[in-house]
Amino acid sequence: MDRAIVKKHLEQAQEHVTAGGLHVARQREIVAELINRGADVTEAIRLLTNFEESQDMHVAHLERLKAELLECDEKQQAGGSEDSSAP
């Protein structure tokens, strides 16, 4: 894949990881608040589990994109070509 596209996808994936982390953290707070009130936490825990699973997928995707960007950079260095989108 083109380095510029990979870099754009990487930035988007980082945004997803950041937002996902905030969702997980907030849902954990909600679960704790419900437990403190003695409320039923079944649905809140189910939602937390879904957020955590989604977050794991976002992180894995981010790591794959980082590896792909590194591969693009290594190919560029090996080929000696100039890419104006390089950092």
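On a predicted model such as this, the values are computed, not experimentally measured, just so you know. (Residues numbered from 1 in each chain as written. Predicted model: local features only at pLDDT ≥ 70, side-chain atom pairs only at ≥ 80, totals over all residues. Heavy atoms only, no water.)

Glancing now at the overall build of the chain. Secondary structure assignment for the chain yields two helices and zero strands. Relative to a compact globule of 87 residues, whose C-alpha radius of gyration would be 12 Å, the chain shows 19 Å and is clearly more extended. Across its three principal directions, the C-alpha atoms of the chain cover 65 × 15 × 15 Å. Out of the 87 residues in the chain, the part that is buried amounts to 22%. (Helix = DSSP H or I, 4+ residues; strand = E, 2+ residues; numbered from the N terminus. Rg over C-alpha atoms; globule rule 2.2 N^0.38 Å. Buried < 20%, exposed > 50% of the residue type's maximum accessible area, 1.4 Å probe, protein only.)

Another aspect to go through is helix H2 (residues 42–79). Note on helix geometry: an α-helix contains 3.6 residues per turn, so any two residues three or four positions apart are oriented the same way. Between its terminal C-alpha atoms H2 stretches 56 Å, which fits the 56 Å expected from 38 residues at 1.5 Å a residue. Every buried residue of H2 is listed here: Ala44, Leu48, Gln55, Leu62, Leu65, Leu69, Cys72 and Gln76. Elements that come into contact with the buried residues of H2 comprise helix H1 (3–37). (Expected span 1.5 Å × (residues − 1). Contact = heavy atoms within 4.5 Å.)

If you look at the biggest cluster of nonpolar residues, it comprises eight residues: Val6, Leu10, Ala13, Val17, Leu62, Leu65, Leu69 and Cys72. The set of elements that each furnish at least two residues to this core consists of H1 and H2. Excluding its chain neighbours within four sequence positions, the residues that come into contact with leucine 62 are Leu10, Ala13, Gln14 and Val17. Of all hydrophobic cores here, the second largest spans six residues; its members include Val24, Val31, Ala44 and Leu48. (Core = buried A, V, L, I, M, F, W, Y, C linked by side-chain atoms within 4.5 Å.)

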